[in-house]
Every structure is written in C-alpha cells, then in structure tokens.
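# Structural characterization, general
If you want the building blocks of each chain, they are given just below.
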Amino acid sequence: GLGDSPGGGKLERQGPGGLQLPAVSRGRRRMVGRQRDAPMVTKSGYLHKRSFKGHKDVVNAFLSDETRLFTASSDATIKVWALDSGALLTTLEGHQQGVCCLALHADALFSGSFDATVLKWDLFEMRSTRAFRGHSEAVKGIVLRDKWLLSASRDKTVRVWNEASGKCIAILRGHTAPVLCLVGMDRLLYTGSDDCSIRQWDWLSGAQMREYGGHTDGVTDLKVAGENLFSASFDATVRMWDIKSGQCVRICKADAGLRGLEIAAGKVFGAGNNACLYIWDLSATRTEPLTSDRIARGGLTMVTVDGNTVFAASADNIVRVWEKVSSAQQTSAAGITSGAGGGGKSTSERAVSFPPGARKYIGGLVEDSASESEGEGEEGAEVKQRKGAESGGPFNVFEGMHTDKVHGVCAAEGMLLCCSSDNSISRIPLTQDGEAAGTGEITRFQGHEDRVLDIVTVADGEVLFSGSADGTVKKWDVASGKCIGTLTGHTDWVSCLCTSDGALFSGSWDGTVRKWDLSTDRFITQLSGHQDPVHCLCASPGVVMSGSRDCAIRAWRSESGECIKIYEGHTAVVSALVIQDPVLYSASWDRTIRIWDLQTGRRLRVLPQQPQPVLCLALMKGVLFAGGSDCKVRALDPGSGKELACLEGHSQAVNKLSLLGGRLFSASDDGTVAEWRPTRVAPLATQPPPVSQDSAPLADRIAGGPSLSVVRAAAGSLATQLTTEAQFLTQAELEDPELAAVQGFLLKQGSVFRRWSRRYYTLDRGVLAYFADEKRRRALDHVVMKDVVAVARDADGSLGVELGFTVTTADREYRLAAPSEQELASWIQAFTVYVDAAELRGKIALKKMLRKY
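For the structure given in this document, a descriptive report is provided here. (Residues numbered from 1 in each chain as written. Predicted model: local features only at pLDDT ≥ 70, side-chain atom pairs only at ≥ 80, totals over all residues. Heavy atoms only, no water.)

### Section: the sheet that holds strand 46 (residues 552-557)
Think of a sheet as strands paired side by side through backbone hydrogen bonds, with each pair either parallel or antiparallel. As summarised here, the arrangement of the 4 strands in space is 44-45-46-47, forming an open sheet in which the pairing is antiparallel. Whereas interior strands pair on both sides, the edge strands pair on one side only; in this sheet they are strand 44 (534-540) and strand 47 (563-568). On average, each strand axis in the sheet is tilted by 20° relative to the strand beside it, whichever way the strands run. Across 5 bridges, the pairing between strand 45 (residues 543-548) and strand 46 is antiparallel. Along strand 46, the bridge assignment pairs methionine 545 with alanine 555. (Pairing = 2+ DSSP bridges. Helix = DSSP H or I, 4+ residues; strand = E, 2+ residues; numbered from the N terminus. Axes fitted to C-alpha atoms, helices over the stretch in contact; angles between N-to-C directions.)

### A look at the nonpolar core
Judged by nonpolar contacts, the single largest core of 23 residues is most densely connected at Leu763, Leu768, Phe805, Val807, Trp827 and Phe831. Mapped by element, the contributors of at least two residues to this core are strand 59 (742-749), strand 60 (756-764), strand 61 (767-771), strand 63 (788-793), strand 64 (804-809), strand 65 (813-817) and helix 8 (821-852). Counting residues in hydrophobic clusters, the runner-up holds 17 residues, among them Val543, Met545, Ile564 and Trp596. (Core = buried A, V, L, I, M, F, W, Y, C linked by side-chain atoms within 4.5 Å. Buried < 20%, exposed > 50% of the residue type's maximum accessible area, 1.4 Å probe, protein only.)

### Observations regarding the pattern of salt bridges
One pass over the full model with this rule turns up 21 salt bridges. Lysine 656 is the partner of aspartate 454 in a salt bridge, and the nearest nitrogen-oxygen pair spans 3.6 Å. Of the two residues, aspartate 454 sits in strand 36 (residues 452-458) while lysine 656 sits in strand 56 (residues 654-660), which places them 202 residues apart along the sequence. For aspartate 454, a relative accessible area of 3% corresponds to the buried category. With its nearest N and O atoms 3.0 Å apart, the salt bridge here joins aspartate 700 to arginine 557. Of this pair, aspartate 700 sits in helix 4 (residues 698-703) while arginine 557 sits in strand 46, and the two are 143 residues apart along the sequence. On the basis of relative accessible area, aspartate 700 is assigned to the partly exposed category, the value being 40%. You can call arginine 557 partly exposed: its relative accessible area is 22%. Put simply, Arg557, Glu562 and Asp700 are held in one network by salt bridges that share partners. (Salt bridge = Lys/Arg side-chain N within 4 Å of Asp/Glu carboxyl O.)

### What about the packing of aromatic side chains?
For the structure on display, the rule yields 15 aromatic pairs. Their ring planes at 40° and their centres at 6.3 Å tell us that phenylalanine 62 and phenylalanine 311 sit as a pair that is tilted. Here phenylalanine 62, found in strand 3 (residues 59-64), pairs with phenylalanine 311, found in strand 28 (residues 309-314); they are 249 residues apart in sequence, far enough to count as distant. An angle of 75° between the planes, with centres 5.9 Å apart, marks the rings of tyrosine 567 and tryptophan 596 as edge-to-face. Within this pair, whereas tyrosine 567 is found in strand 47, its partner tryptophan 596 is found in strand 50 (residues 593-597), the two being separated by 29 residues in sequence. Taken together, the ring pairs connect Phe110, Phe132 and Trp161 into an aromatic cluster. (Phe/Tyr/Trp six-rings, centres within 6.5 Å; stacked < 30°, edge-to-face > 60°.)

### Observations concerning the environment of leucine 647
By secondary structure assignment, the location of leucine 647 is in strand 55 (residues 643-648). Leucine 647 sits 29 residues away from tryptophan 676 along the chain, and the two C-alpha atoms are 8.1 Å apart. In this structure, leucine 647 is in contact with Phe625, Lys632, Val633, Leu664 and Trp676, ignoring residues within four places of it in sequence. (Contact = heavy atoms within 4.5 Å.)

### Observations concerning unusual backbone geometry
Residue proline 582 is reached from aspartate 581 by a cis peptide bond, and omega for that bond is 20°. Locating proline 582 in the fold gives a position in the loop between strand 48 (574-580) and strand 49 (583-588). Of note in the backbone geometry, alanine 265 takes a positive phi value of approximately 55° without being a glycine. The residue alanine 265 is located in the loop between strand 23 (258-264) and strand 24 (267-272) in this model. We note that alanine 275 has phi near 75°; this positive angle belongs to a residue other than glycine. Turning to its location among the elements, alanine 275 is positioned in the loop between strand 24 and strand 25 (276-281).

See the structure below:
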C-alpha cells in the first residue's frame, strides 16, 4: 500500500475504492461517519458529472475519441467506455503487467506497460496486432509522429521505432535516471526524467540540443503551448519555459507533488499526489493556485480538459468527469453538501435541492452517499452487527474511521488506533470482547501535513508516536488526542516505527533509521547503510531489524546503532519483519516469506510463493499470519508453509496486522479495519528446521555469525572437493573440466513484476552473486551453485528477449539474458560445469554407498 511500485515511479500507488462502501459481506460492521467521495461542486465551479468505475488497480492514463474513453490501469488491462452513457464496452487484455500510458493514431491504439513493451491495438477488431520489444524496464510515455513511434522508458532511454515494421531504428541516451514523460513538436522532442532535468532533442538525428534545469525532483509531465513548454514535477511545482531561450519564466506552486498537467483556456490544471486538482491563472503573476479542490480519494495521476469538461484519473481506480457550471447552478448545488456538520443527519433527513438538469449529471452520487454520515467523522456513529465468526468472515469491521486508505493499526487494552492517507489518526474505545463501546466516541488526531504511515504506542498506551509522509514523527497524548511533540530530521517520508530498550526508532525513505530517546524526544544517532528507502522495522531486546527496498535486511545493536549483520536473499522490497528468537520471519514484494537463523544469517526455509506481494506479518500462537495486496489474510504453518486458513473480508490490499490477546486486527487500503477471531487455527506438528542454540545476548550472537564471504568460502572450489574423492571416480570422470570464474553484465527479470534490469554478475568459487554495477560494493543477492539443478537457453523466445537463458534451483527459476552470443556461451558453459559437477557428486555418493555395502 505504500509508495513506489517495485521497479519505479514515485506514484504507481493503489488507493481505496470510489464512493461505494467496501463490499464486506460477512461480520459485524462498525460505521463511524464517513465523508463523501468529493463535493458536488468544486470551489472552481465544476459539478461532478460521472465516474468510470471498474478497474481493480490505479488508473495511470486515459484518452478519448469522439465517442469512447480509453483507460489504462496497473491491473494490466485497458478498458473502453461509452462517453455518453458511461457503459463499459470492452476490456483489452494482453500486457503481462500494469499499463502506464496510451496514445491514439489513426484507427490504432498504442499502450506502454511495466512489462517493458508497447502494444498496438486494432480498434475495429479490439485485439493486439503488434508488440514493440526492446526496452528493459517500464514504458512511461508514447508519442506518434507520422510513421514513427517514440517511447520513453524507466531504462533511461527513448527509442524511435518504425511504426509499420515494429523495428527500433534509434536509441536516445543522455538521461541518468528513468525517463518519465515526453512530448513532441515537429522535429523537436522534449523528455522529462527522474534525474530532475528536461532535455530537448532533434529526434530524427538523435542529437541532444538543450537541457533545462531547475526542478528539484522527478519531472512527471510535459506540455507545449505556443512558444512555451510547461513541466510538472514531484517537487510540487509547474514551471513555464521559454522555448527559444530555454529560460524558466514562471513557477506555479502546489502543496504536493504533481503527476500531470493540462493547459486550457488560459489556465494551468495540475494533478496532485494529494488528490487535489490545482488551477493557476496564466494571466496572473501569483505563484499560488487560484483554487485547489480534493476531487478523489487517491492521488491524481492525470488530468485533461475538453472545453468546459475536466477528466481526472486517480489512484482510487476511478476516472471522474467534472463539468463547469454557472454561478446560479453552483449556489443551488450547494444545497447538496450544506449542513455537513448538521448534527450527524443523514442525506435523506435533509432538504436537498438540485440545479436544473443536475440529476442526470449527478447520477448515483447522492444515492452512493446516502448511507454515509456527514461531517468530519467526530460524531454520529452507527453500529451494524452481524454474526460472522461462524461463517469464516471478520468478527468486526470498523468503517468510517477514515476517508482514505488505512496504513497502520494498533490495538491496545480498551482502544483501537489507526492511521491513514487522510493525514489523520483515529481512536475508538473497545469493550473487553473487542466491540466498539458505543456511538460518537471517535477521537481524531490531526496535525500531520501528509499521509500518516505508521503508529506505535508506549507508556502502557498513554503516549502515541506517528510517522508521516511529511517527514516528521509526532508525539501524541492518547487521552486528549493532542500533539505534544514533533521530531524532525528525516529528509523524506517516515514509513515505519518501533521501540526497543527505551528508545524510538524511525525508518524513512531517505534510507536511514534514526534513534530517539523516548523520555526526552532527543535525537541520539542515525543508522545508515541501506541504499534505498526503509520500509519496515522490528525489535527484540538489544537488536533492531530493518527491511528496505534494496532487498536487504539489516540487524543493528539498539544501544550503539552498529550494523552487525546483513541478511540477503529477497529480490524485491522487504515489507515486513517478525522476530521470534532464534528465528526471523521476513516478507517481501517478491511474494515470498523467508525464515532465517538469526545467529548465522542462514536461510532456513522459503515458504511457498504467495499469489501477490506480501505486505505485513504477525505471529500468534505458532501461526504466521500474512496480509497481502490480494486483499486476503492467510494463516500459514511456519514449519511446512502450508496454508491453514484464508481470511477474506477486505476489498483492497491489507497493509498492517496488529495483535491483542487472541484477536487479530488488519488495516487495509479499502479504508477499513477488520477484527478476526482465528480460534480454530493451529500450527501443524511439523519438525522445525535446525537453528543455532546459544545463551548469549541476541546482539552478540548475531554479531558472531558468518557473513556472505564466509558462505562463499564454505562453498569452496568444486574442483578441489572432487579431487579428494578420486578413489571413487573413473578416469573419464576425473577429466571433468575445471571450474572457471565468469563475470559481466546480464539482464535479470524480476520475480514479481517481471521487469528486466541490468545487473553485474560474478560466478566464482561456487557462488553466483549479482550487484547493482561493476563496482561490486555489496551483493544484492546470491545463489550457491550446488543448489542449481538445470541451465537452459531460451530457444523458443518465450522470455521475450534476445539471448535469454534460465537457471533453475529447487526454489525458483532465474531468467537472464546475455549481451552477446559469445558471453552467452561462456555463461552457459560455466553453469553447465557446476550442474555436471552436482550430478558427479551424486555418482560419488552412490558409489560410496555401493562400496560400503
């Protein structure tokens, strides 16, 4: 539920559903007052006309012709809608991963995807007719020019294709980070990148003509209007550039990062990460917007303007349409939302007036909202109960505590707390059996300027700490809901919190963990080592563990902040950690849960791969509970990996789990918190894997365990190992080729989103390791070659890349590609030697057994 999708972009983020309440069919339901999806009329005078709902993930792009709307989503589909009626006409399926961008040309639709391809679609037959393959990472933008197609990618390049043949004829290189957007004008091409720059190209010759500098974060969208170029950025600004001079002539400022912009009718429209539509007047000199309206529940991803109509896509999976209305209609329409704080009355209890003709625009908007209480959610709670524990559903579902996705939940004696993307924290009291203790009891903690990502309680639940995307940690008095302190120092989102040995630890997207004194709020030290954002923390006496987007887990002494071990093996973001000395459980976006020996760092077991990325873990009475982006909480037996139960009730990703006695609470992107009573779930009687046993303090035991270099040395030279067994070998077997070292760049396909990335590989002394680059500072992952059972060249092209091959172990299949035939032959030969050697060891073992017999 947080941040980047694995592999890039700063806002490929899921959000909760639209106006309709989450479809939870079982369990007791607790409704605590919800804000409606959006105001009927915005401050800038736009009336809601229609919502296009149907995608199951973020809508990244859309476009329209005269009668149809095309929408592209991270659910890997493109949907085609009737503009006039809003009816879904068809769904186009063909991409293997989410769809990022769209372009129309003649009677064809073109789509770019996270699967690194561009597909061409015939709009009469509604099928894919051609694939453009060559990029190694997500395609973020497409431009058509006559018979040429230009595509921008996260692989830092722009490719020029012959649209008729599908052949790549040129590659434009120069950006030092992913290219996020592009726009063309005759022979000129402008590209915006995550390296904060804009570059101007003559795309026919491939020459770079100019570089525009000024943004302080990634450039997300570009538009050309007259003699000016406009750029939107994650740095919360829109810049206007004079094309002739290359100078920035104006800056428009927003309150949040921007993902899209549009220029129309002398105004600039900006799509904000905070779900706000910003409008600036080009005729004015002020940098602040004329208006900013929150028009969705998730961050806006794109905005377009057609006359008096605004289309906006958002991370809550919806495209909304808004139409400009007159002042008289605005005044009349205000009756729909007036009295928002009117004593908690429902919509049906209020006199509602509509502007002329507004009924057909509003459609089901009022009906969708009729079941929701108005106001800020402080009053008017209503409890709907239904016995669900017997049917396998949640025991309780708490709805209406927040108006956006819920990131964190903390259950304590007598209360339930949760935090959300609506920038707030909510608290409700619980009775002894876990039910809400009545109506009108919600307490809202407000003070953060951006989404609240995690919370933790201390002092027996009297004090609460919260981490936020505004870069701060706040301290709250739980009884009153008042902020009593703010901890600053992080330079990016504060994503996770934990406490250990009288200290608070905060993990951040700036790649660091900071330690604070719990009693004085004083900053003590900074734990640095991760190369990417820190996503999760957990603690045990004397030790703090952190998981990061760099795929590594680090163990730190909680007293000194010293890094004492690195656990490597995951291939995507490490999203959750649980310590049960002497083992560590870790979950990842690579869809795996791994069990580690804390002392040695040895991987004890990899549980069977889950259907979707795993986002959170909890351990209760020997059962491991895992919540993921497939909306489910699964109960797993840690010993065997078998699924004991599947808890269903959420309609979107499950972000966090919290335990209170025998009760399990889950927080979800659908804006709810569910309570479960898994009383009948028990672990199987399986034999646990052997672990190191030592009575020394955990930190000392971890510090004394082996590192990757020790594992590499332990693997040893297979040639040396085999020589010692010469008495059991025939002469032909003794002539087995010597095991040589190989190194170089290979393309590697990710295990989750199947994106190709360029990595530096080394095969030496029985260990295959790969690194971010040839400097080889730290291995991202490694495979002991004795675990490899097969290597094969991709003869039929099923991998979708040239010179591809697979390396198979007992756990998984690694998909790789070499840059040349010669290097491919070298790698396959080296792998084959190890595979043959493994077979040879089997022969030796068999001959030993026969001789002994």
